[in-house]
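Listed here are the chains, written in short residue letters.
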Amino acid sequence: MQTPDTPTSQADYWDRVADSVTFTHPVDAVALVEELGIGATVVDYGCGYGRTCTVLAEAGLSPIGLDTSAEMIHRGQQLYPQLDLRTMPAGHAPLPDGSVDAVLLFAVLTCIADDASQDAVMADVRRILRPDGVLYLSDYGLQDDARNQERYARWAPELGTYGCFEIEPGVVMRHHSEERLAQLLNGMETYQQERIAVKTFRGNPVEITQLRARLSSV
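Residues numbered from 1 in each chain as written. Predicted model: local features only at pLDDT ≥ 70, side-chain atom pairs only at ≥ 80, totals over all residues. Heavy atoms only, no water.

Draft legend 1. Here's a closer look at the pairing of strand S1 (residues 41–45). Burial runs high along S1: four of the five residues are buried. When S1 meets strand S2 (residues 62–67), the two strands line up parallel, connected through five bridges. Bridge pairing links Asp44 to Gly65 in S2. Handedness of the S1-helix H3 (residues 51–58)-S2 crossover: right-handed. Where S1 lies against strand S4 (residues 100–106), three bridges are found, and the strand directions are parallel. Bridge pairing in S4 links Asp44 to Leu104. (Buried < 20%, exposed > 50% of the residue type's maximum accessible area, 1.4 Å probe, protein only. Helix = DSSP H or I, 4+ residues; strand = E, 2+ residues; numbered from the N terminus. Pairing = 2+ DSSP bridges. Right-handed = clockwise from strand over helix to strand, strands pointing away.)

Here it is in structure tokens:
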């Protein structure tokens, strides 16, 4: 039996909380329609229970939701049976190369602590995007408040990266420096970026970075 002190994995954690969490990052589907046109194929990579897919579909886009958590996908299929929601292996979307117009990556990288696994996700995103396709990213930069600064400093010696911290035993989250975000976006041209105040799925106030970047066709 799992106790509060029993280490768990990211997959186990998201399966366990799938029916209780509420995600909050806003998505500007209208901007995507203006850029890509009605009916454009948009992959929500790490879609959770499909919240943002509903917004995309209502705006006239054609979303595909992918997530590694079977329980998240199950919840989404119960809530939104009209949506195309699928489970996927970590770091590999079951889609052909160059087959989609845009990819949403909303609060996904924060759930991946190590550089190599983050790089694998970004490589997979680049793989499925068509030439000149759009990445719409929403994630956490390093926060300035005392609560987050304290836990960055506390966990850095053990986890090896400033900005990583545990939210419970074995479940590591990551907030990103500007330098790390730039590394992740290498080879892509960012043309829109802003910082937005939201609350985390646990109800804590934070600021997130949202940006849109275009995959170079060269």
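Draft legend 2. Highlighting the pattern of salt bridges. Counted by the stated rule, this structure contains 13 salt bridges. Across the pair Asp84 and Arg86 runs a salt bridge, and its minimum N-O distance is 2.8 Å. Take Arg86: its relative accessible area is 28%, and that puts it in the partly exposed class. Between Asp101 and Arg130 there is a salt bridge; the shortest N-O distance is 2.7 Å. Note that Asp101 is positioned in strand S4 and Arg130 in strand S5 (residues 129–139), a separation of 29 residues in sequence. Residue classification places Asp101 among the buried residues on the basis of a relative accessible area of 19%. Each of Glu35, Asp132, Arg212 and Arg214 takes part in a single network of salt bridges with overlapping partners. (Salt bridge = Lys/Arg side-chain N within 4 Å of Asp/Glu carboxyl O.)

Draft legend 3. Summary view of the packing of aromatic side chains. Overall, the coordinates contain eight aromatic pairs when judged by the stated rule. Seen in terms of ring centroids, Phe106 and Tyr136 are 5.0 Å apart; in terms of plane orientation they differ by 80 degrees. Their pairing is edge-to-face. Separated by 30 residues along the polypeptide, Phe106 in strand S4 and Tyr136 in strand S5 bring together distant segments of the chain. Taking the relative accessible area as the measure of exposure, Tyr136 reaches 2% and is therefore buried. (Phe/Tyr/Trp six-rings, centres within 6.5 Å; stacked < 30°, edge-to-face > 60°.)

Draft legend 4. Seen up close, the state of the cysteines. Summed over all chains, the structure comprises zero disulfides. Of all cysteine sulfurs in the structure, the one in Cys53 sits closest to Cys47, which takes part in no disulfide; the separation is 5.2 Å. Here Cys111 stays unpaired: no disulfide links it, and the sulfur of Cys164, its closest cysteine neighbor, is 12 Å away. (Disulfide = S-S within 2.5 Å.)

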